[in-house]
Amino acid sequence: MMQVSNTFKTLLQLTILCFSLQSFAFSDAKQEGTVSSKEQVDEYILHHIKDSHDFHLFSYSNDAGERKHVGFPLPVILWSSNGLVTFMSSEFHHDDNGEVIVERNGSKFVKLHSKIYELDANASAVAFDEEHHATNAHKVLDFSITKSVVGVLLVGLFMFWAFSSLARQYKNKSVPTGFGRVLEPLVLYVRDEIARPNIGDKHYRKFTGYLLTVFFFIWILNLLGLTPLGFNVTGQLAVTACLAIFTLIIYSVSGNKDYWMHMLWMPGVPVLIRPVLAIIELAGAFIIKPFSLLVRLFANISAGHIVVMSLIAIMFTLKESLGVAGATGLSLVLSFFITLIEVLVAFLQAYIFTMLSALFIGMAVAEHDHDHHHDEQGHEVPDAEDVRADFI
Amino acid sequence: MDTLLNDFSPGLFIVQTILLLGLIFLLVKFAWKPILTSLNEREEGIQGALEAAENARKEMQNLQADNDKLLKEARAEREAMLKEAREIKDKMIADSKEQAKVEGDKMLKQAQAAIESEKKAAVADIKSQVANLSVDIAEKVIKDQLADKSKQLKLVDDLLGDIKLN
């Protein structure tokens with residue numbers, strides 16, 4: 001009981017710390033001028049949700065009224081029509097509206113809403129249509145070390161350091177000490193609560209490495225997203241899509257004969273229905289399952305970021321109607337509790353992604369000879385696994 | 001949907017794929033494999049230790065039972081030995097009593113036989129002495145009274161009448 005309350009206290013302190021730093025970063029970090037109107041808040045939040053090409057910590061106005069940005073630039077690596085181009089993101093001078101043009105290798109580049117465009121050969125400035133789409137520029141393949149990539153690298157290094165040092169501890173003692181004592185139960189949790197029950201005792205060992213990697217990768221990145229550093233890695237479609245496709249490839253490659261049989265030529269149903277079922281099953285396996293994985297993680301994390309930032313923004317948006325103290329108080333209370341929930345969501349989404357990956361893999365490697373029953377007419381009686389799959 | 005597709009960055013996707021592949025490979029090789037192997041070994045070790053303890057407990061119980069059995073057997077054997085010793089003692093006493101009795105009887109019989117034969121010898125001796133005496137007496141009587149034939153006969157009859165055999 002004591003321990004639980006201590007853990008809770010630590011969690012609370014951590015959350016307060018994160019929250020206070022976040023609100024500090026938010027209230028000070030401004031792209032251009034100050035953020036106070038609803039439109040500016042919307043724009044700021046949408047900008048935050050996107051990936052960015054420089055690592056921006058905060059901005060302030062100096063005595064002369066100039067905006068100063070604190071942060072550091074990141075390398076931009078592009079595959080343009082004239083080959084590979086690299087330069088530092090500071091060349092754009094914090095511009096995000098396509099005004100600053102960077103010329104490299106005979107190509108002109110602009111940054112527009114966190115995306116880098118290459119201008120057409122004869123253009124000297126970006127032209128926009130009514131919907132504010134660039135008409136004389138096209139996107140380039142962007143391999144830049146963006147903020148998300150920095151996050152991935154940091155988490156990757158951290159995981160490699162933490163878990164390889166845990167692995168080294170086992171060489172001379174059977175029970176780890178220090179930080180390893182925290183990590184070991186988590187590893188055991190993923191193995192015993194996610195991998196083993198969903199994949200089965202016979203096959204789980206082969207997939208546990210992937211599941212552990214994905215679980216800790218998502219969880220740590222989710223938590224990193226709650227810090228005032230402003231990472232939103234697991235809220236990037238590209239990242240969640242990559243994770244989902246990894247799962248798709250793993251369960252498709254390791255699927256056994258029964259799995260493909262049930263997908264392509266379902267036994268126990270009239271022959272005419274089988275092709276229809278095959279289409280549905282194929283769509284389920286190759287589109288719906290990975291799509292549900294990638295959208296669930298992306299949407300939950302993005303929504304969390306939007307909600308937390310919107311609640312923090314109450315202190316600007318409701319300043320007129322509630323007064324400074326009222327708006328700040330309301331914003332503090334609401335965003336504090338939402339941040340608490342977000343800490344839970346960070347774990348929950350990592351758990352769900354890993355659990356569903358394990359479940360999909362488990363369905364692909366399950367041995368069906370004993371656990372499928374057929375009734376008198378030869379129809380298959382759905383077992384728990386099939387029923388569970390219908391709910392996902 | 002349009003915004004989502006616009007936000008999707010193929011470059012980030014490729015970078016993320018490469019990094020994730022590298023991360024999975026490195027972690028599997030340097031972290032998960034040794035960790036899971038060690039955890040498995042440890043769990044098997046614990047399982048083995050528990051089983052060994054259980055076995056030891058059972059063995060201990062068996063040993064205890066064996067000890068009890070041995071003790072019981074020893075006690076029974078002691079009992080039996082004591083009983084046997086008592087029986088032997090009783091038997092020996094009885095035997096010696098019997099033997100003593102037999103020996104005594106035998107000695108008694110021998111003594112009786114000896115007495116009998118002594119008696120017979122004595123009687124025979126007496127008889128012969130009596131006979132001799134008689135003859136002597138008769139001689140003397142005869143010598144004295146040979147004259148009177150009637151007296152001689154009367155004397156013989158008297159003498160004979162006096163002598164009584166046992």
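Please refer to the structure placed before this passage.
So, here's what we can say about the structure. Note that the structure is predicted; figures quoted are calculated from it, not measured.

### Brief notes about the overall build of chain A
Counting its secondary structure elements, chain A contains 11 helices and 11 strands. Burial analysis of chain A (392 residues in total) assigns 47% to the buried set. If you take every contact in chain A between residues at least 6 apart in sequence, the share linking residues at least 24 apart comes to 58%. With the model as given, the accessible surface of chain A reaches about 19,300 Å², and the carbon-plus-sulfur share is 65%.

### Concerning the sheet that holds strand E5 (residues 102-104) of chain A
Residues and elements named next belong to chain A. The strand order E5-E6-E7-E8 describes an open sheet built from four strands, whose pairing is antiparallel. The outermost strands of the open sheet, each flanked by one partner alone, are E5 and strand E8 (137-139). Pairwise comparison of adjacent strand axes, ignoring direction, gives a mean angle of 40° for this sheet. With three bridges joining them, E5 and strand E6 (residues 107-112) adopt antiparallel strand pairing. If you follow glutamate 103 over to E6, its bridge partner there is lysine 108.

### Quick notes on the packing of aromatic side chains
Taken as a whole, this structure holds 23 aromatic pairs over all chains when the rule is applied. Both rings, one in Phe87(A) and one in Phe109(A), keep their centres 6.1 Å apart while their planes meet at 35°; by these two values the pair is tilted. Within this pair, whereas Phe87(A) is found in strand E4 (residues 83-88), its partner Phe109(A) is found in strand E6, the two being separated by 22 residues in sequence. For Phe87(A), a relative accessible area of 6% puts it in the buried group. Classification of Phe109(A) by relative accessible area gives buried; the value is 0%. For the ring pair Phe336(A) and Phe337(A), a centre distance of 5.0 Å and an interplane angle of 70° mean the geometry is edge-to-face. Residue Phe337(A) is classed as partly exposed on the basis of its relative accessible area, which comes to 47%. Each member of the aromatic cluster is reached from another via a ring pair, and the members are Phe163(A), Tyr189(A), Phe215(A), Phe216(A), Trp219(A), Phe347(A), Tyr351(A) and Trp32(B).

### A short note on the side chain of Ser107(A)
All names here are of chain A. Its place among the elements puts serine 107 in strand E6. Overall, serine 107 belongs to the buried group, its relative accessible area being 2%. Engagement of the side chain of serine 107 in a polar contact is seen with the side chain of asparagine 82, the distance being 2.7 Å. Setting aside chain neighbours within four positions, we find serine 107 in contact with Ser80, Ser81, Asn82, Val102 and Glu118.

### Quick word on the environment of Val155(A)
Residue and element names in this part refer to chain A. Among the structural elements, valine 155 can be located in helix H3 (residues 147-172). Note: C-alpha distance between valine 155 and valine 175 (20 residues apart in sequence) is 25 Å. If we skip the residues at most four places from it in the chain, valine 155 touches Phe217, Ile220, Leu221 and Leu224.

### Describing the sheet that holds strand E3 (residues 75-80) of chain A
Residue and element names in this part refer to chain A. Taken together, three strands build an open sheet; the order of strands is E4-E3-E9 and the sheet is antiparallel. Only two strands of the sheet have a single neighbouring strand rather than two, namely E4 and strand E9 (141-142). Sheet topology places E3 next to E4; six bridges connect them, and they run antiparallel. Bridge pairing links leucine 78 to valine 85 in E4.

Calculation rules
- Residues numbered from 1 in each chain as written.
- Chains lettered and ligands numbered in written order.
- Predicted model: local features only at pLDDT ≥ 70, side-chain atom pairs only at ≥ 80, totals over all residues.
- Heavy atoms only, no water.
- Helix = DSSP H or I, 4+ residues; strand = E, 2+ residues; numbered from the N terminus.
- Buried < 20%, exposed > 50% of the residue type's maximum accessible area, 1.4 Å probe, protein only.
- Contact = heavy atoms within 4.5 Å.
- Areas by Shrake-Rupley, 256 points an atom, 1.4 Å probe, with all protein chains shown as cover.
- Pairing = 2+ DSSP bridges.
- Axes fitted to C-alpha atoms, helices over the stretch in contact; angles between N-to-C directions.
- Phe/Tyr/Trp six-rings, centres within 6.5 Å; stacked < 30°, edge-to-face > 60°.
- Polar contact = N/O pair within 3.5 Å; in protein donor to acceptor, adjacent residues only side chain to side chain.

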